[in-house]
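Residue-level listing of the chains:
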Amino acid sequence: MSKKSSSTVAITDKVLSTLRPAKNFSNHEGASITSLDFDDSGQFLLSAGVDRSIQLYDCHKGTKVKVIPSQKYGAHLARFTHHDNCCLHASTPASETDADHSVRYLSLTTKSYLRYFRGHKDQVTCLEVNPVSETFLSASADHTVKHWDLRATTPSGNVVAGQTSLVAYDPHGIVFVVAKDPDAADDSGKGTVQFYDLSHYERGPFATASIYCTPGQRWTKTEFSNNGKLLLIGTDSADHYILDAMSGKLLTRLSQSEEPQVGWLRFNYASSGSVSFTSCGKFVLAGSPSGKISLFDLSTVKASEKNPSVVKPFDVLNGYGISKIVAWNPKLLNVATADDSVVLWAPDVDGDLI
């Protein structure tokens, strides 16, 4: 892995097609990994797993930096904050009725907890840090979404979602969405995405979009593109969805297979999603049970189209293991994937990893 990839190589379809697995980390010792997250600089990567540990990696050097055990609470959804060497994490998914569902604020330097955020009554299923401020959102199996300030231990606000949901901030940190996949009891296959103004979210959503998708799909991730134009809905199937981030209109379906393949990335433990935008917002990478990564070009997606289009991969890359989690580095031109190990990918130009 090299710093050369941070600024000297533009993100193009040809460069993406050269991505290759460059480093494999097996520090979770065969346990299922449930989340990956890069820090703001792109140098460091966090993984959390059901072995109740958080692992920290240096992407410049391609090395593991340290392990932070969390045997008492477990570790899930580890997310960097904007403070150096600090992160948030939830507890490991568990069935114990007496489990502690607090979100924890951890110093990676001292391996000590700085604060506990208490309020959820069930497993925290989604955790997202505001891209521009010291606030964050959490969604839980208690069917609520809570808004937090890192300086306070109690939530600053609450949204009753009505079901387990996903959350995401827009790149300016002024709008967030609550995404709810199709109700299992409803065979219509209709999910909803609600848009909230962060400064007035207690008034309810200012817009709601209905998304018709394959019945039985579970939504696993929602993410805004960095240019603020598009919203990605990732699922546990071979199909994913691109929405207009302003109107909520469904623009296209990203299809990795001729068949819907519902449940092809469904596991005992929830994960942080198998799809990711590139930092330019022009491409999407999607994982698969075979470990292969599908590459999608969004340049042909138009908001003016009356009916949603279907986009197929322009390339499929051979991977390592199961790519059930895919995360794009915000600063360096590399990718991380995970199942029970973490794989760092780098572009290979002229046969040499850069």
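Residues numbered from 1 in each chain as written. Predicted model: local features only at pLDDT ≥ 70, side-chain atom pairs only at ≥ 80, totals over all residues. Heavy atoms only, no water.

Enquirer: What exactly am I supposed to notice about the overall build of the chain here?
Expert: Broken down by element type, the chain carries one helix and 30 strands. Scaling as 2.2 N^0.38, a compact globule of 354 residues should have a C-alpha radius of gyration of about 20 Å, and the chain matches this with 19 Å. Taking all 354 residues of the chain together, the buried fraction comes to 54%. Contacts in the chain between residues far apart in sequence, at least 24 positions, make up 52% of those at least 6 positions apart. Averaging the locations of the 34 positively and 37 negatively charged side chains of the chain gives two centres separated by 3 Å. (Helix = DSSP H or I, 4+ residues; strand = E, 2+ residues; numbered from the N terminus. Rg over C-alpha atoms; globule rule 2.2 N^0.38 Å. Buried < 20%, exposed > 50% of the residue type's maximum accessible area, 1.4 Å probe, protein only. Contact = heavy atoms within 4.5 Å. Lys, Arg positive; Asp, Glu negative; His and termini not counted. Charge placed at Lys NZ, Arg CZ, Asp CG, Glu CD.)

Enquirer: Could you clarify how one ought to interpret the environment of leucine 46 in this entry?
Expert: If you trace the backbone, leucine 46 turns up in strand β3 (residues 44-49). Separated by ten residues in the primary sequence, leucine 46 and leucine 36 place their C-alpha atoms 5.6 Å from one another. What leucine 46 contacts, discounting residues up to four positions off in sequence, is Ser35, Leu36, Asp37, Ile54, Gln55, Leu56, Ala78, Arg79, Phe80, Cys87 and Leu108.

Enquirer: Would you take a moment to explain the sheet that holds strand β16 (residues 190-197) for this structure?
Expert: The strands that make up a sheet pair up through hydrogen bonds in the backbone, lying either parallel or antiparallel. Spatially, four strands are ordered β14-β15-β16-β17 in an open sheet, and the strand pairing comes out antiparallel. Every other strand in the sheet has two partners, leaving β14 (166-169) and β17 (207-212) as the edge strands with one partner each. Pairwise comparison of adjacent strand axes, ignoring direction, gives a mean angle of 20° for this sheet. Where strand β15 (residues 175-180) lies against β16, six bridges are found, and the strand directions are antiparallel. By the bridge assignment for β16, alanine 179 is matched with valine 193. (Pairing = 2+ DSSP bridges. Axes fitted to C-alpha atoms, helices over the stretch in contact; angles between N-to-C directions.)

Enquirer: I'm lost on unusual backbone geometry in this one. Help?
Expert: Both trends apply: most residues other than glycine have a negative phi, and most peptide bonds are in trans. Positive phi values are uncommon outside glycine, yet glutamate 29 reaches one of about 55°. Locating glutamate 29 in the fold gives a position in the loop between β1 (19-25) and β2 (33-38). Even without a glycine there, the phi angle at lysine 111 is positive, about 60°. Tracing the chain through its elements places lysine 111 in the loop between β8 (103-107) and β9 (112-117). The class of lysine 111 is partly exposed, set by a relative accessible area of 43%.

Enquirer: Sorry if this is basic, but what is going on with the packing of aromatic side chains here?
Expert: Two aromatic rings, taken as a pair, are described by how far apart their centres are and by the angle between their planes. Evaluation of the coordinates by the stated rule reveals twelve aromatic pairs. Plain terms: the ring middles of phenylalanine 176 and tyrosine 196 are 5.0 Å apart, the flat faces sit at 5° to each other, and that makes the pair stacked. Taken together, the residues span a long stretch of sequence, with phenylalanine 176 in strand β15 and tyrosine 196 in strand β16 at a distance of 20 residues. Through pairs of rings, three or more aromatic residues link up here, namely Tyr105, Phe117, Phe136 and Trp148. (Phe/Tyr/Trp six-rings, centres within 6.5 Å; stacked < 30°, edge-to-face > 60°.)

Enquirer: Which parts of the structure should I look at to understand the pattern of salt bridges?
Expert: Opposite charge on two side chains lets them pair, provided their charged atoms get close. Inspection of every chain in the model, using the stated rule, returns five salt bridges. The closest approach of N and O atoms between glutamate 223 and lysine 221, which form a salt bridge, is 3.4 Å. This pair shows no difference in class: glutamate 223 is buried, exactly as lysine 221 is. Where arginine 253 meets aspartate 239, a salt bridge forms, and the shortest distance between an N and an O atom there is 3.2 Å. Here arginine 253 is found in strand β21 (residues 250-255), whereas its partner aspartate 239 is found in strand β20 (residues 239-244), with 14 residues between them in sequence. The class for arginine 253 is partly exposed, based on a relative accessible area of 27%. (Salt bridge = Lys/Arg side-chain N within 4 Å of Asp/Glu carboxyl O.)

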